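Breakdown of the fold
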Amino acid sequence: MTGEGAGSVASTITAGKHTFTVDELAALAGDDVAASPVEVALGALISCQIVVYRLYAQNLGIQVDDITASAEGDLNVTGLFGIDESVRPGFSDVRLTTTVSGPATQERYDEQRAAVDAHCPVLDLFANATPVNVNVVKG
């Protein structure tokens with residue numbers, strides 16, 4: 001995956017054969033032409049949940065008619081802007097709700113949730129510290 005600066009603070013991201021834009025609101029110096037990085041992160045969480053719920057419906061033999069998900073997170077920009085170093089720049093809390101409809105019992109959907117929680121890669125990124133090696137190279 002690669003990225004290149006565009007507009008005021010936007011990025012054009014290339015992921016294999018796909019390209020998308022990530023930007024910020026005008027209040028954060030952006031042109032507001034696309035979702036922000038933290039919105040994209042929550043979107044990745046939602047989409048990964050939907051994929052993994054579908055995979056585990058099949059694996060566990062649970063009929064699912066429809067799946068929807070929503071996520072919201074608390075972000076204090078004083079951490080982002082370095083105003084308060086005691087405040088982390090990322091989410092302090094994320095709330096994820098997945099709604100599964102179909103004929104199975106709540107107990108079966110709870111079983112499915114446990115499997116999804118244990119195997120969703122993006123949920124794992126949010127829930128657990130992941131080592132990241134950062135380098136800056138003069139071009």
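Refer to the structure above for everything that follows.
What you are looking at is a predicted structure, and each value in this text was computed from that prediction instead of being measured.

1. Points about the overall build of the protein chain
- Along its length, the protein chain carries four helices and five strands.
- Listing each helix as α and each strand as β along the protein chain from the N terminus yields β-β-β-α-β-α-β-α-α.
- Taken along the three principal axes of its C-alpha coordinates, the protein chain extends 55 × 40 × 30 Å.
- Out of the 139 residues belonging to the protein chain, those deemed buried represent 22%.
- Long-range contacts, defined here as pairs at least 24 residues apart, represent 47% of the contacts in the protein chain between residues at least 6 apart.
- When the accessible surface of the protein chain is split by element, carbon and sulfur atoms take 54% of a total near 9400 Å².

2. Some words on the pairing of strand S2 (residues 10-15)
- In terms of strand pairing, strand S1 (residues 2-6) meets S2 through five bridges, oriented antiparallel. Bridging from a neighbouring strand, Ala-6 pairs with Ala-10 of S2.
- What sits between the antiparallel neighbours S1 and S2 is a turn of three residues, in which Gly-7 has the positive phi angle 60°.
- Of the strand pairs in this sheet, S2 and strand S3 (residues 18-22) are connected by five bridges, and their pairing is antiparallel.

3. Here we look at the pattern of salt bridges
- Using the criterion set out here, one finds five salt bridges in the structure.
- For Asp-93, the salt bridge is made with Arg-95, and the minimal N-O distance between the two is 2.6 Å.
- For Asp-93, a relative accessible area of 35% puts it in the partly exposed group.
- A relative accessible area of 31% means that Arg-95 is categorised as partly exposed.
- The residue Asp-117 makes a salt bridge to Arg-113 at a minimum N-O spacing of 3.0 Å. Here the residue Asp-117 and the residue Arg-113 both occupy positions in helix H3 (residues 106-119), the gap between them amounting to four residues, near one helical turn.
- Overall, the relative accessible area of 33% leaves Asp-117 in the partly exposed class.

4. Brief notes about unusual backbone geometry
- The backbone of Ala-29 shows a phi angle near 75°, a positive value even though the residue is not glycine.
- If you trace the backbone, Ala-29 turns up in the loop between S3 and helix H1 (37-60).
- Of note, the phi angle at Asp-32 is positive, near 55°, even though the residue is not glycine.
- Secondary-structure assignment places Asp-32 in the loop between S3 and H1.

5. So, the nonpolar core
- With 16 residues, the main nonpolar core has Cys-48, Val-52, Tyr-53, Tyr-56, Val-116 and Cys-120 as its most contacted residues.
- Elements with a minimum of two residues in this core: H1, H3 and helix H4 (121-127).
- Here this core takes seven residues from H1, the largest share from any one element.

Cut-offs applied
- Residue numbers run consecutively from 1 along every chain, following the written order of its sequence.
- Side-chain atom pairs in this predicted model are given and counted only at pLDDT of 80 or more, local residue features only at pLDDT of at least 70, and totals for whole chains, interfaces and linings cover all residues.
- Side-chain figures throughout are based on the complete set of non-hydrogen atoms in the structure, without hydrogens or water.
- We count a stretch as a helix when DSSP gives it H or I for four or more residues in a row; a strand needs E for two or more, and each element gets its number in order from the N terminus.
- Classification of residues uses two cut-offs on accessible area relative to the type maximum, computed with a 1.4 Å probe and protein chains only: under 20% is buried, over 50% is exposed, and between them is partly exposed.
- Two residues qualify as a contact provided that any one of their heavy atoms is within 4.5 Å of a heavy atom in the partner residue.
- Only the protein chains shown count as covering a residue, and every accessible area follows the Shrake-Rupley method with a 1.4 Å probe.
- Here, any two strands with at least 2 DSSP bridges between them count as paired.
- Salt bridges are identified by distance alone: a Lys or Arg side-chain nitrogen within 4 Å of an Asp or Glu carboxyl oxygen.
- To define a nonpolar core, start from buried Ala, Val, Leu, Ile, Met, Phe, Trp, Tyr and Cys residues and group those joined through side-chain atoms within 4.5 Å.

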